[in-house]
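# Structural description and commentary
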Amino acid sequence: MSRRREIAALAARAGRLSGLLGAQRLRRRRRGAFRAFVLEYHAVCPGPAEPEGAVSIERLRRHVRWLLRHGFHFDTVAGLAERLRTARRDADLGADRVALSFDDGYADNHDLAFPALRAEGAPATVYLVSGFLDGAPLWFDIVRRALDLAATLHHHDAIDRESAESLRRRLGAWPPASTGAAVRRLKQAPAEHRVAVTADAACWLVAAERAGHAARPAARAMTWAQARRLRDAGWELGAHTVTHPILSRLDAEAQEREILDSRRRIDERLGAGTVRTFAVPNGSAADYDATTREILAGAGFRAACTTRRGANRPGDDLLQLRRHGVGAEPTALLEARLGGWLDDERRAAWRRARRRVAASRRTSDV
């Protein structure tokens, strides 16, 4: 857990122990100020070790049981969006609502999350990268595997000098000091740069394996048959593009291909009308644009999830639903998120307040 998240978790525990979080939730509900939340997960692991981007099945169970114990009602994202569409005011929601969502379409969503959530009576929505289910590896998984392996080797350059030199030139260092930071930069890089880095990383991985160095196993997608089983059990299957690019970095034609071809392929394999909602890859305000929304609206999507943190209310734009990225976090931090402590709007207000204080101090020092 990052230093910032550690501080947030400590504050959340303090809020829970003091009773402040619970009291705030109770007062809000008594006023009929109900909210609709979407939680974002990715991979699920047996645990207890939780690799980056994964949550252990036991932690997921603890999250779900906490939500059930504290009166949250579960729905799919499409169901949640329909409740928001028909409600005139907060009270019409009838209760705090929550949808669990899983991005990308990992096999462990079927193998681990599905039986656990079914036992708790909680449905979920899985956003499928259609190319991943068709057998294409996720580009960021290739890069992470290569960077993580290279960081453990003393003679990483000797494995494939040509690929290593190309990666050093494109990334600024080989291997970079931080895998996470390198992947985050690549997400915002031009598509041709990201594709070239991914190709170099894939070549380097092949050479490393031939030299006897084992990278961690590649991420495994669920099969189309497993996706069909989830659908038949009442889970929602949504679209998450074909190759998981950052949509705002693409022109309108490329965005349309990624969004509509993903839906078309899922409907082709699972039945027409399967896809009703969409999740924006990465999902921050910088990762999609007005063109993205126009494509989604024109194509008839009922809702789309971002990763802008916060609650959803009647009257909100259903094609820009707020969603909390949760993952491997203590339940107290989940409670703080649902209490609005870490909403993007509140965080922005805190940053503005800090800047005003800093500016005031600088003025007084003059």
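What comes next is a walk through the structure. Just so you know, these numbers come straight off a predicted model, no measurement behind them.

### Here's the deal with the pairing of strand 6 (residues 125-128)
- The two faces of strand 6 match: Thr125 and Tyr127 on one face and Val126 and Leu128 on the other face are all buried.
- Crossover strand 5 (residues 97-104) to strand 6 through helix 5 (residues 107-120) is right-handed.
- Taken together, the four bridges between strand 6 and strand 7 (residues 236-239) define a ladder with parallel strand orientation. Its bridge partner being in strand 7, Thr125 is matched across the sheet by Glu236.

### Concerning the nonpolar core
- One finds Leu100, Phe102, Leu128 and Trp204 to be the most contacted residues of the largest nonpolar core, which totals 83 residues.
- Sort the elements by how many residues they give to this core and helix 7 (residues 139-152) lands first, with eight residues.
- Residues in contact with Trp204, not counting those within four places in the same chain, are Ala146, Leu149, Ala150, Leu153, His156, Ile159, Asp160, Ser163, Ala164, Leu167 and Trp174.
- Core analysis: the second largest hydrophobic core is formed by 16 residues, Ala36, Val38, Leu84 and Cys305 among them.

### A closer look at the pairing of strand 5
- Burial of strand 5 is extensive: eight of the eight residues sit out of reach of the surface.
- As paired strands, strand 1 (residues 36-41) and strand 5 are joined by six bridges and run parallel to one another. Bridged to Leu39 within strand 5 is Leu100.
- Sheet analysis places strand 4 (residues 73-75) next to strand 5, joined by three bridges and oriented parallel. In the sheet register, His73 faces strand 5, and the bridge partner there is Arg97.
- Assessed by its sense of winding, the connection that carries the chain from strand 4 through helix 4 (residues 77-86) to strand 5 is right-handed.

### As for the environment of Glu162
- When you line up the elements, Glu162 lands in helix 9 (residues 161-171).
- Distance from Glu162 to Ile7, taken between C-alpha atoms, is 43 Å for residues 155 residues apart in sequence.

### Considerations on the pattern of salt bridges
- As enumerated under the stated definition, the model contains 27 salt bridges in all.
- Residues Arg65 and Glu120 are paired through a salt bridge, measuring 2.7 Å at the closest nitrogen-oxygen approach. With Arg65 in helix 3 (residues 57-69) and Glu120 in helix 5, this residue pair connects regions lying 55 residues apart in the sequence.
- Arg313 serves as the salt-bridge partner of Asp90, at 2.6 Å between the closest nitrogen and oxygen. Pair noted here: Asp90 is in the loop between helix 4 and strand 5 and Arg313 is in the loop between strand 9 (303-305) and strand 10 (324-325), with a separation of 223 residues, a long-range link.
- Note on Asp90: relative accessible area 13%, which makes it buried.

### Re the packing of aromatic side chains
- Following the criterion strictly, the structure yields nine aromatic pairs and no others.
- A ring pair is formed by Tyr106 and Phe132, whose centres lie 5.7 Å apart and whose planes are at 75 degrees; its orientation type is edge-to-face. On the criterion of sequence distance, the pair formed by Tyr106 in the loop between strand 5 and helix 5 and Phe132 in helix 6 (residues 130-133) is long-range, its members being 26 residues apart. The same class applies to Tyr106 and to Phe132, which are both buried.
- Between Trp139 and Phe140, the aromatic rings sit 5.6 Å apart at their centres with planes inclined by 85 degrees, giving edge-to-face as the arrangement.
- Take Phe140: its relative accessible area is 5%, and that puts it in the buried class.
- By the ring-pair criterion, three or more aromatic residues cluster together here, those being Tyr41, Phe102, Phe114 and Trp235.
- Here the guanidinium or amino end of Arg194 rests over the ring plane of Trp139, the centre of that ring lying 5.3 Å away.

Reading the values: rules and limits
Residues numbered from 1 in each chain as written. Predicted model: local features only at pLDDT ≥ 70, side-chain atom pairs only at ≥ 80, totals over all residues. Heavy atoms only, no water. Buried < 20%, exposed > 50% of the residue type's maximum accessible area, 1.4 Å probe, protein only. Helix = DSSP H or I, 4+ residues; strand = E, 2+ residues; numbered from the N terminus. Right-handed = clockwise from strand over helix to strand, strands pointing away. Pairing = 2+ DSSP bridges. Core = buried A, V, L, I, M, F, W, Y, C linked by side-chain atoms within 4.5 Å. Contact = heavy atoms within 4.5 Å. Salt bridge = Lys/Arg side-chain N within 4 Å of Asp/Glu carboxyl O. Phe/Tyr/Trp six-rings, centres within 6.5 Å; stacked < 30°, edge-to-face > 60°. Lys NZ or Arg CZ within 6 Å of the ring centre and 35° of its normal.

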